[in-house]
Amino acid sequence: MIYAFKIGFLDVRWVDIIDILLVSVLLYQVYKLLKGSVAVRVLIGFLSLYLIYLVVRAAQMELLAGILGQFMGVGVLAAIIIFSQEIRKFLLILGKTSFRKNGVFESLLIWRKKKPKINMNLTAVIEASKNLSGSNTGALMVFSRNTELKFYADSGDLLDAFISKRLLISIFNKYSPLHDGAVILYEGKIKAARCLLPVSENENLPAQYGLRHRAALGMSEATDTLILIVSEETGQMSIARNGKIFSNLSAPEIRKKLNKYLSEEEEEAPETGKKENLEAAS
């Protein structure tokens, strides 16, 4: 048996250190997942109740300990029911870091060359967005660099059409049967329109953001995508990425962030415009 070091009578192995580190990472991810939601208060309530149960049992208060013990016996099942949305979100996040391309396995291959930049007609996207913004026409565009998002694409109407300014404007025209929902853009094409996106349950979202922004934020939380939003109320253009909203962006800023995303460069905060860091809010 190989030991790392000793603390008094306690022998600490290398496996124990790795075990503690993994548990710490897991607890931190759970904290990030629950931070800013009602689930944090529920979790604190569960922990407080469990602490009371331990104190009552240590004090040998049999009647109260028996009642709390029965409640603790179904605590796991109750937690699954109460935290069902958080568990679903955790599994979605876990699914993003799979062994597929750009997943855990390929991230270990540090010598692997980066993929070439995806050839997408960003000029058409930017020009269409400016046109939609000028006419206060709401729009949702989901950009994906790793997957065609078949699950979400199947919820709408499949197009598989090359990107053009006129096509995007036509889709989001308020009289178009395809305007209600999001379009998914992948590998230089509009894969589908009128797609349904998961709605974020983040309580810290500012009041001025409606369902379109909540859907964009929820999609950015659940998938490795970038979502471009055009507000129907104000005409402002925003971007949602990794649970954050970058609001009131100009066309050059939109192009810059799209280029960075599609070329797999790390996201940065915009030099101008307002950034809403919803994960850090409390």
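Scroll up to find the structure.
Here's what I pulled together on the structure shown here.

The rules behind each value
Residues numbered from 1 in each chain as written. Predicted model: local features only at pLDDT ≥ 70, side-chain atom pairs only at ≥ 80, totals over all residues. Heavy atoms only, no water. Helix = DSSP H or I, 4+ residues; strand = E, 2+ residues; numbered from the N terminus. Buried < 20%, exposed > 50% of the residue type's maximum accessible area, 1.4 Å probe, protein only. Contact = heavy atoms within 4.5 Å. Areas by Shrake-Rupley, 256 points an atom, 1.4 Å probe, with all protein chains shown as cover. Core = buried A, V, L, I, M, F, W, Y, C linked by side-chain atoms within 4.5 Å. Pairing = 2+ DSSP bridges. Polar contact = N/O pair within 3.5 Å; in protein donor to acceptor, adjacent residues only side chain to side chain. Salt bridge = Lys/Arg side-chain N within 4 Å of Asp/Glu carboxyl O. Arc of directions from axis to C-beta. Axes fitted to C-alpha atoms, helices over the stretch in contact; angles between N-to-C directions. Left-handed = near helix turned anticlockwise from the far one by under 90°. Nonpolar A, V, L, I, M, F, W, Y, C, P; charged D, E, K, R; others polar.

1. A short note on the overall build of the protein
Right, so step 1: Helices and strands together make up the secondary structure of the protein, namely 11 helices and 10 strands.
Right, so step 2: When burial is assessed residue by residue, the protein has 37% of its 282 residues classed as buried.
Right, so step 3: Contacts in the protein between residues far apart in sequence, at least 24 positions, make up 59% of those at least 6 positions apart.
Right, so step 4: Accessible surface, the protein: about 17100 Å² in total, of which carbon and sulfur atoms supply 61%.

2. Notes on the nonpolar core
Right, so step 1: Grouped together as the largest cluster of nonpolar side chains are 31 residues, with contacts concentrated most on V125, M141, F143, V183 and L185.
Right, so step 2: Those residues in contact with V183, other than ones at most four positions away along the chain, are L140, M141, V142, L168, I171, F172, I190, A192 and A193.
Right, so step 3: One finds L205, Y209, A215 and A222 within the second-largest nonpolar core, a separate group that totals 21 residues.

3. A word on the pairing of strand β3 (residues 139-144)
Right, so step 1: The element β3 is extensively covered by neighbouring structure, given that six of its six residues are classed as buried.
Right, so step 2: Here β3 shows two buried faces, one formed by A139, M141 and F143 and the other by L140, V142 and S144.
Right, so step 3: Looking at chain direction, β3 and strand β7 (residues 225-230) are connected through six bridges and run antiparallel. When the sheet's bridge partners are listed, A139 is paired in β7 with V230.
Right, so step 4: For β3 and strand β5 (residues 182-186), the ladder comprises four bridges, and the chain directions are parallel. Bridging across to β5, F143 finds its partner in L185.

4. A look at the side chain of S133
Right, so step 1: Here S133 shows up in helix α7 (residues 122-134).
Right, so step 2: Judged by its relative accessible area of 18%, S133 is buried.
Right, so step 3: Reaching out from S133, the side chain makes a polar contact with the backbone oxygen of G235 at a distance of 2.2 Å.
Right, so step 4: Every residue in contact with S133, bar those within four places of it in the chain, is listed here: V230, G235, Q236 and M237.

5. Regarding the pattern of salt bridges
Right, so step 1: Under the counting rule described, the total for this entry stands at eight salt bridges.
Right, so step 2: One salt bridge in this structure joins R145 and D224, with 3.5 Å as the shortest N-O distance. Here R145 is found in the loop between β3 and α8 (150-153), whereas its partner D224 is found in the loop between α10 (211-222) and β7, with 79 residues between them in sequence.
Right, so step 3: Accessibility expressed as a relative area gives 13% for R145, which makes it buried.
Right, so step 4: With a relative accessible area of 23%, D224 lands in the partly exposed category.
Right, so step 5: The network of salt bridges with common partners includes R145, D224 and R241.

6. Some details on helix α9 (residues 165-172)
Right, so step 1: Among the residues of α9, L168, I171 and F172 are the ones counted as buried. When α9 is viewed along its axis, its buried side chains cluster within an angular range of 85 degrees and face the same direction.
Right, so step 2: Looking at the buried positions of α9, the neighbouring elements they touch are α7, β3, β4 (157-162), β5 and β6 (189-195).

7. With respect to the packing of α7 against helix α11 (residues 251-262)
Right, so step 1: As a packed pair, α7 and α11 sit with axes 10 Å apart at the nearest point and diverge in direction by 145 degrees. Between α7 and α11 the crossing geometry is right-handed. Of the residues in α11, those touching α7 at L122, T123, V125, I126 and K130 are A251, I254, R255, L258, N259 and L262.
Right, so step 2: Classifying every residue of the contact of α7 with α11 by side-chain character gives seven nonpolar, two polar and two charged.

Just geometry here; none of it tells us what the structure is for.
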